[in-house]
Amino acid sequence: MKLFIFKNLLGAIIFLFTLNIIAQDAEAVKYTTSNKGKFFISWGGNRESFSKSDIHFKGEDYDFIIKDADAKDKPKGWHIDYINPTRITIPQTNFKVGYFINDHYTVSLGADHMKYVMTHNTKAVSGYINLPSTEPGAIYNGTYNNDDVLLSDDFLQFEHTNGLNYVYAEFARFDDISSIFNLPNTDKFQINLTEGVGGGILYPKTNTTLLDKDRYDEFHLAGYCVSINAGLNLTFFKHFFMQLDLKGGYINMPDIRTTSNTAESASQHFLYLQRIIAFGGIFKI
C-alpha cells in the first residue's frame, strides 16, 4: 500500500513539474512573435492633397470641360467629432478591419472618408453652354475655346464633401523591425513596417450647384480607385497600436451626379495623397 501511494505521489509530482515547464515555455514565447490568426481594427483621421484634373460636365443643353481644376481638403483638426457617433461623418476619417492570414500578410476591408473642395479661381473652359433663356444660368451661354472663366458660386460649386468615399479591399505586409532599435520586449513595445496595395469603389456624396441650377447632394456610385500605402505600426502592450501611413492612389470617376436630372453628369480623374494617423487594437478570437 505504501509503495502504491509513493508511486502515485511521485507521478503527480512529475506531472505537475512537467506542466510547470510547459507553462514557463509558453510564457517565454511572446504574444507578438506570431501574428497568424489575429484580427485588427482601426479608426483615425487624415489630411489629403489632390492633383489637378480636367472636369467634364455634360447635359442636354451643355457640354464643357474645366481644364486643370485644383482642389483642397476640408480638415477638422483635432476634434471630438472623430468619436462622436452623431457627427462622425464630418471629419476626414479612416476605418479598417483585417485579418492576418500568416505572420506577415493581411487581408482587410476599409473605408476612407476624404473631402474634395474645388477651388474657386479662374480656369480655362472649352465646350458650349446653350441653356433656355428662361434659366438664370443662361447668362453663361456661349461657345468656349480655352477661354478663361471665373469659377464663381453662380457658375459652379463642386465638392465631394460628404464625402469622397473610397471603400476598398487591401492586401498588406507587416514586418517587425524592433530589433533595429534594440527593443528586447516586443510585448511591451513593437515597431512594424507596413506596405499594402488596395482597390475598390468611389461612392461620393457630391455637393454641386451648376449654372445656377438647384443644389444636388446625394450618394452615388461614381467610379473606382486603386491605391498603395506604406507606414509604421507602433504596438503597445500587445493589443493596442498607432498606425502612421502615407497612402496614395488613382481615382477615376466617370459618372458623377451633378443635378436631379439623370441625363446630366460630370467626370474626372486625378491622383491623391493621404497622411493618416489611426489607432486600433489587435487580438485573437
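In this text the structure is predicted, and so the values were computed from the model without any measurement.

### Concerning the packing of aromatic side chains
Right, on to step 1. Here the structure, examined in full by the defined rule, presents 20 aromatic pairs.
Right, on to step 2. With centroids separated by 6.5 Å and ring planes inclined at 90 degrees, the aromatic side chains of Tyr 116 and Phe 158 adopt a geometry described as edge-to-face. With Tyr 116 in strand S6 (residues 105-118) and Phe 158 in strand S9 (residues 156-176), this residue pair connects regions lying 42 residues apart in the sequence. Each of the two residues, Tyr 116 as well as Phe 158, counts as buried.
Right, on to step 3. Positioned above the aromatic ring of Tyr 31 is the side chain of Lys 38, whose terminal nitrogen or guanidinium carbon lies 4.0 Å from the ring centre.

### Regarding the side chain of Asp 112
Right, on to step 1. Along the chain, Asp 112 falls in strand S6.
Right, on to step 2. Look at Asp 112 and you get buried, because its relative accessible area is 2%.
Right, on to step 3. There is a polar contact of 2.9 Å between the side chain of Asp 112 and the side chain of Gln 274.
Right, on to step 4. Contacts of Asp 112, omitting those with residues within four sequence positions, involve Thr 93, Asn 94, Leu 164, Asn 165, Tyr 166, Tyr 168, Lys 247 and Gln 274.

### Here's the deal with the nonpolar core
Right, on to step 1. Grouped together as the largest cluster of nonpolar side chains are 36 residues, with contacts concentrated most on Phe 57, Phe 64 and Phe 155.
Right, on to step 2. Excluding residues within four positions of it along the chain, Phe 155 makes contact with Phe 64, Ile 66, Ile 129, Tyr 140, Val 149, Leu 150, Thr 209, Leu 210 and Leu 211.
Right, on to step 3. Grouped together as the second largest cluster of nonpolar side chains are five residues, Phe 40, Phe 100, Phe 174 and Ile 282 included.

### Examining the pattern of salt bridges
Pairs can form between side chains of opposite charge once their charged atoms are near each other.
Right, on to step 1. For the structure on display, the rule yields eight salt bridges.
Right, on to step 2. The partner of Asp 175 in a salt bridge is Arg 173, and the shortest N-O contact between them spans 2.7 Å.
Right, on to step 3. Taking relative accessible area as the criterion, Asp 175 reaches 17% and is therefore assigned buried.
Right, on to step 4. The partly exposed category is assigned to Arg 173, whose relative accessible area is 25%.
Right, on to step 5. Asp 217 serves as the salt-bridge partner of Arg 215, at 2.8 Å between the closest nitrogen and oxygen.
Right, on to step 6. Its relative accessible area of 53% is what places Arg 215 among the exposed residues.
Right, on to step 7. Among the charged side chains, a salt-bridge network with shared partners connects Glu 135, Lys 213 and Glu 264.

### Let's talk about the side chain of Thr 106
Right, on to step 1. Within the element layout of this structure, Thr 106 appears in strand S6.
Right, on to step 2. Beyond its immediate sequence surroundings of up to four residues, Thr 106 is in contact with Phe 40, Tyr 99, Phe 100, Ile 101, Glu 170, Phe 171, Ala 172 and Phe 174.

### What about the confidence of the model for the protein?
Right, on to step 1. When pLDDT is averaged across the protein, the result is 88; 87% of the residues are at 70 or more.
Right, on to step 2. Per-residue pLDDT stays below 50 along residues 12-27; that stretch engages in zero contacts with residues further than four places along the chain or on separate chains.

### Description of the pairing of S9
Right, on to step 1. In the sheet, S6 pairs with S9 via 12 bridges, with the strands oriented antiparallel. From the neighbouring strand, Met 114 faces S9, where its bridge partner is Leu 164.
Right, on to step 2. Sheet topology places S9 next to strand S11 (residues 205-210); five bridges connect them, and they run antiparallel. The partner of Phe 158 across the bridge, within S11, is Thr 208.
Right, on to step 3. Across 11 bridges, S9 lies against strand S10 (residues 189-202) in antiparallel orientation.

### Examining the environment of Val 97
Right, on to step 1. Along the chain, Val 97 falls in strand S5 (residues 93-100).
Right, on to step 2. Overall, Val 97 belongs to the partly exposed group, its relative accessible area being 34%.
Right, on to step 3. A sequence separation of 185 residues divides Val 97 from Ile 282, and the C-alpha atoms of the two residues are 9.8 Å apart.
Right, on to step 4. Those residues in contact with Val 97 that sit more than four places away from it in its chain are Phe 40, Ile 41, Val 107, Ser 108 and Leu 109.

### Overview of a nonpolar patch on the surface
Right, on to step 1. A cluster of nonpolar side chains, contributed by Ile 41, Phe 95, Val 97, Leu 109, Phe 283 and Ile 285, occupies part of the molecular surface with about 570 Å² of accessible area.
Right, on to step 2. According to the relative accessible area criterion, Ile 41 is partly exposed, its value standing at 38%.

Analysis parameters
- Residues numbered from 1 in each chain as written.
- Predicted model: local features only at pLDDT ≥ 70, side-chain atom pairs only at ≥ 80, totals over all residues.
- Heavy atoms only, no water.
- Phe/Tyr/Trp six-rings, centres within 6.5 Å; stacked < 30°, edge-to-face > 60°.
- Helix = DSSP H or I, 4+ residues; strand = E, 2+ residues; numbered from the N terminus.
- Buried < 20%, exposed > 50% of the residue type's maximum accessible area, 1.4 Å probe, protein only.
- Lys NZ or Arg CZ within 6 Å of the ring centre and 35° of its normal.
- Polar contact = N/O pair within 3.5 Å; in protein donor to acceptor, adjacent residues only side chain to side chain.
- Contact = heavy atoms within 4.5 Å.
- Core = buried A, V, L, I, M, F, W, Y, C linked by side-chain atoms within 4.5 Å.
- Salt bridge = Lys/Arg side-chain N within 4 Å of Asp/Glu carboxyl O.
- pLDDT = per-residue confidence, 0-100.
- Pairing = 2+ DSSP bridges.
- Patch = residues over 30% accessible without salt bridge, like charges linked within 9 Å, V, L, I, M, F, W, Y side chains within 5 Å.
- Areas by Shrake-Rupley, 256 points an atom, 1.4 Å probe, with all protein chains shown as cover.

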